[in-house]
Amino acid sequence: MTQCSLRTRLSLNIALVALLTVALISVSSNIFINRQFEDYIAKQQRQRVEEILSHLNQQYDAATESWRLDFLHAIGMHALYDGYIVKVYDLQGETLWDAEICDMSACTRMIDDISRQMQGRYPDITGGFTTKDSNLTSNGKKIGEASVAYFSPYFFDENDFHFLKALNTVLLGSGVFSLLLAVVAGCFLARHMSNPIRKTAQVAKQMSGGDYIVRIEEKTSIEELDELMRSVNHLARSLGEQENLRKQLTADVAHELRTPLTTVGTHIEAMMEGVWQPTRERLSSCHEEIARIGKLVRDLENLAKVESDNLKLDKTPVDLLELAEKTLRNFDAEVAAKGLRLMIEGSCPDIPADRGRIQQVLINLFSNAVKYTPSGGAIRVVLSEMDDSVLLVVEDDGIGIPQEELPFIFERFYRADKSRNRTSGGSGIGLAVVRSIVTAHGGKVSAESRLGDGSRFHVELPK
Ligand code: ADP
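It should be emphasised that the depicted structure is a prediction, and the values quoted were computed from it without experimental measurement.

A. Spatial organisation of the sheet that holds strand β13 (residues 454–462). With mixed pairing, the 5 strands of this open sheet are ordered in space as β8-β10-β11-β13-β12. Two strands bound the open sheet, and with one partner strand each, they are β8 (341–346) and β12 (444–450). Strand-to-strand, the axes of this sheet are offset by a mean angle of 10°, without reference to chain direction. The pairing of strand β11 (residues 389–396) with β13 spans 8 bridges and is antiparallel. Each bridged residue has a counterpart across the sheet, and for L392 the counterpart in β13 is V459. Packing against the sheet, helix α8 (residues 320–329) makes contact with β8, β10 (378–385) and β11, and its axis sits at approximately 170° to β8.

Printed below as a string of structure tokens:
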């Protein structure tokens, strides 16, 4: 199939459908009206013959038993001009009046005219002049005979032809007018539809070239097109965000690596040049920095794994309470060192989950709670069951998170209040991992916090 624009294709299709519809309606209504008209005329003509015969009957004077010949003549001539050839005979069969005898040339002309006109208009017509014979009676007594010849099954006079012509012209005119109207409306509709699609295609093209700032501003009255444009705008926005995140990630990784690398580099350089003695303390400081790089790389690897599209979850029934208690035990040393109070309460049914990954979620949440809660603080873990899910809440009364930073804490490398984190050793990846794992399980994670008042993390996992 040859390719053409949506607008042309739509316009052509609409025009074609309009043409077919209009043609069908015009032809069928033309046929129907013509047929009705022919039936009507044929009926009229049969009635007219009856009327002529009845008029003829009335011209007999029963008292004198004679015919009013001048009236017969008037009726006959009048009928002749209407296309009927009348002949009247008395009881003896004598001709009282005969159109052909009276005016032969008028009769021939009339027969010729009607035959020619009818043959001209209906070449296939099988009609011709037929004669209707009838007895004339007065008071139930036969008084004579009459015959009326006319073009059967029907014939049209001048007025009828005019009427039919006008009717056909009106039908044709309204057909052409409707067609034009349909084509104009079709073109308008096609334009209305193709413009936003064209614009959307243009924006998609710009996006494929790396421009994610473009947006489609148009609005249409077509729901699906609006939806399409909204989706493309959304796509542009998320691609832009992804692009920014990617750039941000590279910058963040570089930034994270630079500090420890510089420290290690300058330390070793100083020791190599003999400025510093390679004391145990200095070497262990270098070792710490290298360990930091190692942790960062591990965190990144971990994140890459859980964020990869083909993260495979090995789901088994998991008892969240048992897992939480077991995981919390890993923090016993830090908890004891800081004198933190730990509480774990509530219960919930087993959930289908990847035990290892869910434990990673718990580790990240608990380690944050321990890390960001000062000595003497409290950490509460609460489990509960909801309609289709279970809810795990990890609550602490630690330093909290500034309100304006809350929306970003699940982003990679995001660290609230940067200064406090460098010392705490966080790289801002833990919560990104939490979100990825929870989302992969079909769950949701959110946080509430107030600076200085502690934080509360909600993890909802489907049952
Ligand atoms: P990090 O390794 O820096 O802790 P996370 O992704 O786990 O990275 O957390 C992101 C940031 O959210 C942290 O830098 C910290 O500022 C904040 N945060 C997370 N958990 C808590 C908490 N329980 N209390 C206070 N701040 C928190």
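Now that the structure has been shown, we can carry on.
B. Spatial organisation of the pairing of strand β5 (residues 128–138). Relative to strand β6 (residues 141–152), β5 runs antiparallel, the two being bridged by 11 bridges. Within the sheet, the bridge partner assigned to F129 lies in β6 and is F151. What sits between β5 and β6 in their antiparallel hairpin is a turn of 2 residues, with N139 showing a positive phi close to 50°.

C. Highlighting the domain arrangement of the protein. According to the domain assignment, the protein consists of domain 1 (14–167) and domain 2 (310–462). In this structure, domain 1 and domain 2 have C-alpha centres spaced 105 Å apart.

D. Expanded view of the packing of helix α1 (residues 6–57) against helix α5 (residues 158–208). One way to put it is that α1 packs onto α5 with a least axis distance of 8 Å and a crossing angle of 160°. Taken as axis vectors, α1 and α5 run roughly antiparallel relative to one another. The element α1 and its partner α5 pack so that their crossing is right-handed.

E. The arrangement of the pattern of salt bridges in detail. Summed over all chains, the structure comprises 18 salt bridges. Salt-bridge contacts for E227 lead to R230; the nearest nitrogen and oxygen are separated by 3.1 Å. One end of the pair, E227, and the other, R230, are both in helix α6 (residues 223–272), 3 residues apart, so they sit about a helical turn from each other. Here E395 and R456 are joined by a salt bridge, their closest N and O atoms 3.3 Å apart. Of this pair, E395 sits in strand β11 while R456 sits in strand β13; the two residues are 61 residues apart in sequence, bridging distant segments of the chain. Connected via shared salt-bridge partners are E345, R380, E395, E448 and R456.

F. Unusual backbone geometry, seen in detail. For E65, which is not glycine, the phi torsion reads 50° and is therefore positive. Relative to the helices and strands, E65 resides in the loop between β1 (60–61) and β2 (66–67). The residue N139 is not glycine, and still its phi comes out positive at about 50°. Judged by its relative accessible area of 78%, N139 falls in the exposed class.

G. Focus on a nonpolar patch on the surface. On the surface, L6, I197 and L228 cluster together into a nonpolar patch covering about 210 Å² of accessible area. Mapped onto the elements of the fold, L228 is located in helix α6. The exposure class of L228 is partly exposed, given its relative accessible area of 36%.

H. Looking closely at the sheet that holds β5. If you trace the 4 strands from one edge of the open sheet to the other, you get β4-β3-β6-β5, paired in antiparallel fashion. Two strands lie at the open edges of the sheet, namely β4 (95–98) and β5, each paired on one side alone. With direction set aside, neighbouring strand axes in the sheet form an average angle of 15°. By the bridge criterion, 6 bridges tie strand β3 (residues 85–90) to β6 in an arrangement that is antiparallel.

I. Representation of the side chain of R48. Here R48 is to be found in helix α1. A polar contact of 2.6 Å, which involves the side chain of R48, links it to the side chain of D82. In this structure, R48 is in contact with H78, A79, D82 and Y84, ignoring residues within four places of it in sequence.

J. Spotlight on the site of the ligand. In the vicinity of the ligand, 21 residues are found, and the nearest of them are N368, Y372, D396, G428 and L431. Between D396 and the ligand, the recorded distance is 2.9 Å, taken from a side-chain N or O atom to a nitrogen atom. At 3.1 Å from an oxygen atom of the ligand is found a main-chain nitrogen or oxygen belonging to G428. When residues of the shell around the ligand are traced back to their parent elements, those giving at least two are α10 (355–371), α11 (418–424), α12 (430–440) and β13. Counting residues per element, the shell around the ligand draws most heavily on α10, which supplies 3 residues. Broken down by class, the residue content of the shell around the ligand amounts to 9 nonpolar, 8 polar and 4 charged.

Calculation criteria
- Residues numbered from 1 in each chain as written.
- Predicted model: local features only at pLDDT ≥ 70, side-chain atom pairs only at ≥ 80, totals over all residues.
- Heavy atoms only, no water.
- Pairing = 2+ DSSP bridges.
- Helix = DSSP H or I, 4+ residues; strand = E, 2+ residues; numbered from the N terminus.
- Axes fitted to C-alpha atoms, helices over the stretch in contact; angles between N-to-C directions.
- Contact = heavy atoms within 4.5 Å.
- Domains from an automatic or database assignment.
- Parallel < 35°, antiparallel > 145°, perpendicular 65-115°, else oblique.
- Left-handed = near helix turned anticlockwise from the far one by under 90°.
- Salt bridge = Lys/Arg side-chain N within 4 Å of Asp/Glu carboxyl O.
- Buried < 20%, exposed > 50% of the residue type's maximum accessible area, 1.4 Å probe, protein only.
- Patch = residues over 30% accessible without salt bridge, like charges linked within 9 Å, V, L, I, M, F, W, Y side chains within 5 Å.
- Areas by Shrake-Rupley, 256 points an atom, 1.4 Å probe, with all protein chains shown as cover.
- Polar contact = N/O pair within 3.5 Å; in protein donor to acceptor, adjacent residues only side chain to side chain.
- Near = heavy atom within 4 Å.
- Nonpolar A, V, L, I, M, F, W, Y, C, P; charged D, E, K, R; others polar.

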